[in-house]
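Structural features, examined
Spelled out from the first residue to the last, the chains are:
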Amino acid sequence: PETIRRASAVFLDRADACMLTRTETVDDALARMGECVETVVVALGANGTAAMTGGERIDTPSFDTGPAVDTTGDRDLQCAAYIWADLCGAEPRACIAWAQLYAELAMSVPTATGGAVDQATLLDAGVRRGLEPPPQAPRR
């Protein structure tokens, strides 16, 4: 973790978070990474994400988008959605939620890019699941 202090956000799965921090639990990994990086998001498979941002623990549950068909590229899309929400003015908690939803939508279809939905589809899916659109996201 000491070598990644310049990062503003890091996205990992449970195994990588524990390996990188030499800890046994996600809680310990988040605490350790949270000392070095502003935002750390750990994917928990079907159980959403556990995150630490600004010293605050944030748990995002699964959005129940259906069974995971292909997880290839899900973390890439999670990062992309986090950046999109951040650039659109969302608070960190909302950025993490949008990122989780986008990753889950992507996992629900085969291929690494098949679930990379467009912005309008993502916004519709988020609103249907109770997410507030980022302040500067296009309104439909």
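Details of the structure are given in the entry above.
Structural notes, computed from the coordinates. (Residues numbered from 1 in each chain as written. Predicted model: local features only at pLDDT ≥ 70, side-chain atom pairs only at ≥ 80, totals over all residues. Heavy atoms only, no water.)

Thoughts on the sheet that holds strand β4 (residues 56-60)
Taken in spatial order, the 4 strands make up an open sheet running β1-β2-β3-β4, and their pairing is mixed. Single-partner strands in this sheet number two, and they are β1 (9-13) and β4. Taking the axes of each pair of neighbouring strands and ignoring which way they run, one obtains an average angle of 15 degrees across the sheet. Bridge analysis of strand β3 (residues 49-53) against β4 gives 5 bridges, and the strand direction is antiparallel. The partner of Ala50 across the bridge, within β4, is Asp59. Packed onto the sheet, helix α3 (residues 74-87) meets β1, β2 (39-43) and β3 and runs at close to 155 degrees relative to β1. Across the sheet, helix α4 (residues 92-107) touches β2, β3 and β4, and the angle it forms with β4 is around 30 degrees. (Pairing = 2+ DSSP bridges. Helix = DSSP H or I, 4+ residues; strand = E, 2+ residues; numbered from the N terminus. Axes fitted to C-alpha atoms, helices over the stretch in contact; angles between N-to-C directions. Contact = heavy atoms within 4.5 Å.)

Here we look at the environment of Asp13
Following the sequence through the fold, Asp13 ends up in strand β1. Its relative accessible area of 26% is what places Asp13 among the partly exposed residues. Note: C-alpha distance between Asp13 and Trp98 (85 residues apart in sequence) is 17 Å. Contact partners of Asp13, with chain neighbours within four places excluded, come to Val42, Ala43 and Arg75. Here the side chain of Asp13 touches Asp16 through a polar contact of 2.8 Å, landing on its backbone nitrogen. (Buried < 20%, exposed > 50% of the residue type's maximum accessible area, 1.4 Å probe, protein only. Polar contact = N/O pair within 3.5 Å; in protein donor to acceptor, adjacent residues only side chain to side chain.)

Some details on the packing of aromatic side chains
Taken as a whole and judged by the stated rule, the model has 2 aromatic pairs. For the pair Phe11 and Tyr82, a centre-to-centre distance of 5.4 Å together with 70 degrees between the ring planes defines the contact as edge-to-face. Of the two residues, Phe11 sits in strand β1 while Tyr82 sits in helix α3, which places them 71 residues apart along the sequence. For the pair Phe11 and Tyr82, one class covers both residues: buried. With a centroid separation of 5.5 Å and 80 degrees between ring planes, the pair formed by Trp84 and Trp98 is classed as edge-to-face. With Trp84 in helix α3 and Trp98 in helix α4, this residue pair connects regions lying 14 residues apart in the sequence. The exposure class of Trp98 is buried, given its relative accessible area of 0%. (Phe/Tyr/Trp six-rings, centres within 6.5 Å; stacked < 30°, edge-to-face > 60°.)

Side note on the pattern of salt bridges
For the coordinates displayed, the defined rule picks out 4 salt bridges. Between Arg93 and Glu56 there is a salt bridge whose closest N-O contact spans 2.3 Å. On the criterion of sequence distance, the pair formed by Arg93 in helix α4 and Glu56 in strand β4 is long-range, its members being 37 residues apart. On the basis of relative accessibility, which here comes to 39%, the residue Glu56 falls in the partly exposed class. Notably, a salt bridge pairs Asp74 with Arg75, separated by 3.1 Å at the nearest N-O pair. Residues joined in a network through salt bridges with shared partners are Asp27, Arg57 and Asp59. (Salt bridge = Lys/Arg side-chain N within 4 Å of Asp/Glu carboxyl O.)

Remarks on the nonpolar core
By size, the foremost hydrophobic cluster in this structure holds 26 residues, and its most contacted members are Trp84, Trp98, Leu101 and Leu122. Counting only elements with at least two residues in this core, the list comes to α3, α4 and α5 (119-128). Element by element, the count of residues in this core is highest for α4, at 9 residues. Excluding residues that lie within four positions of it along the chain, Leu122 makes contacts with Trp84, Trp98, Leu101, Tyr102, Leu105 and Val117. (Core = buried A, V, L, I, M, F, W, Y, C linked by side-chain atoms within 4.5 Å.)

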